[in-house]
Amino acid sequence: MLTISSTIRRTTSPDGDVLLDIERGEMLCLNPVGSKILELIGRGLREEDIAGQVSTLYGAEVGRVRADLGEFLETLRRHGVIVAEQATTGA
């Protein structure tokens, strides 16, 4: 599961998001689609579900959305915006 890093602070406007990583001192800007994807990550949706919702919301072919989403998520990972949360298992 993907989660938004605890070091990220986010401001949202109709034009998208401005993200600040308070640990690294870096800022990123997201357009409205990127903002929506980050919102869905924050709600705990899986990558497949995010692709489906983005496809429906924006009328884009789901295969194309999956490809673009993969690239976008990799960019967010590289910048420390999102992290993969490890599933815990009971022992």
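The structure under discussion appears in the preceding block.
Residues numbered from 1 in each chain as written. Predicted model: local features only at pLDDT ≥ 70, side-chain atom pairs only at ≥ 80, totals over all residues. Heavy atoms only, no water.

Draft legend 1. Here's a closer look at the overall build of the protein chain. Secondary structure assignment for the protein chain yields three helices and five strands. What you see for the protein chain is a C-alpha radius of gyration of 14 Å, in line with the 12 Å of a compact globule of 91 residues. Its C-alpha atoms give the protein chain principal-axis dimensions of roughly 45 × 35 × 20 Å. For the protein chain, buried positions account for 32% of its 91 residues. Put simply, 44% of the contacts in the protein chain that link residues at least 6 apart link residues at least 24 apart. (Helix = DSSP H or I, 4+ residues; strand = E, 2+ residues; numbered from the N terminus. Rg over C-alpha atoms; globule rule 2.2 N^0.38 Å. Buried < 20%, exposed > 50% of the residue type's maximum accessible area, 1.4 Å probe, protein only. Contact = heavy atoms within 4.5 Å.)

Draft legend 2. Molecular detail of the environment of isoleucine 37. You can see isoleucine 37 is positioned in helix α1 (residues 32-42). Isoleucine 37 has contacts with Ile50, Val54, Leu69, Phe72 and Leu73, leaving out every residue within four places of it along the chain.

Draft legend 3. Structural context of the sheet that holds strand β4 (residues 26-30). The three strands lie next to each other as β2-β3-β4, forming an open sheet whose pairing is antiparallel. The open sheet has two free edges, formed respectively by β2 (8-13) and β4, since each of these has just one partner strand. Each strand axis lies, on average, 15 degrees off the axis of its neighbour in the sheet, ignoring direction. Of the strand pairs in this sheet, strand β3 (residues 16-21) and β4 are connected by five bridges, and their pairing is antiparallel. Across the sheet, leucine 20 pairs through a bridge with methionine 27, a residue of β4. (Pairing = 2+ DSSP bridges. Axes fitted to C-alpha atoms, helices over the stretch in contact; angles between N-to-C directions.)

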